[in-house]
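Structural characterization, general
Listed below, chain by chain, are the residues.
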Amino acid sequence: MDALTVLASAAFGSTAYLTTLSGVTWLNRQASGVKFAGLVVIGMILCALVGTIADASQSVAIGFIVGAGITPPVFRWILQRPRPVASS
């Protein structure tokens, strides 16, 4: 298992998670017809992506799963951090 491949795949899994989250958040603000069609398209893209990754090497699949699994808690932690107040 190549460590660099795992790391690159983890970054790709993280990007896929954040892109999907952004797309679904945007779709939730749209009309019902657009929302349904958009969710179907996102689901089809994710299925194709996961299928392609599953067909790749073991290190790619492990990295993608690790990246997509670690991203949600880290993303929530980043959103909950207190922001520094700018002084004048």
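Here, the structure is the one placed above.
Let me sum up the structure you'll find in this document. (Residues numbered from 1 in each chain as written. Predicted model: local features only at pLDDT ≥ 70, side-chain atom pairs only at ≥ 80, totals over all residues. Heavy atoms only, no water.)

1. A closer look at the packing of aromatic side chains
Condition: Geometry of aromatic contacts follows a simple scheme: Phe, Tyr and Trp rings, the Trp one being its six-membered ring, pair when their centres are within 6.5 Å, and the pair is stacked under 30 degrees between planes, edge-to-face over 60, tilted otherwise. Secondary structure is summarised from DSSP: a helix means a run of H or I of at least four residues, a strand means a run of E of at least two, and numbering begins at the N terminus for each. Note on classification: 1.4 Å probe, protein chains only; a residue is buried when its accessible area is under 20% of the maximum for its type, exposed when over 50%, partly exposed between these limits.
Taken as a whole and judged by the stated rule, the model has one aromatic pair. Centroid distance Phe12 to Phe64: 6.0 Å. Interplanar angle 45°. Geometry classified as tilted. Pair noted here: Phe12 is in helix α1 (residues 3-27) and Phe64 is in helix α3 (residues 58-80), with a separation of 52 residues, a long-range link. For Phe64, a relative accessible area of 11% gives the class buried.

2. Some details on the side chain of Ser14
To keep things clear, this is the line we draw: The term polar contact refers here to a pair of N or O atoms within 3.5 Å; inside protein, the definition further demands a hydrogen-donor-capable atom paired with an acceptor-capable atom, and it admits residues adjacent in sequence only when both atoms are side-chain atoms. Contacts are assigned to residue pairs with any non-hydrogen atoms lying within 4.5 Å of each other.
Structurally, the position occupied by Ser14 is in helix α1. Within the local environment of Ser14, its side chain forms a polar contact with the side chain of Thr71, the two groups lying 2.9 Å apart. Those residues in contact with Ser14 that sit more than four places away from it in its chain are Gly67, Ala68 and Thr71.

3. Describing α3
Defined as follows: A helix is expected to span 1.5 Å for every residue after the first.
Taking 1.5 Å as the rise per residue, α3 with 23 residues should run 33 Å; its terminal C-alpha atoms sit 34 Å apart, in good agreement. Along α3, the residues that are buried comprise Ser59, Val60, Gly63, Phe64, Gly67, Thr71 and Pro72. Here the buried face of α3 lies against α1 and α2 (32-55).

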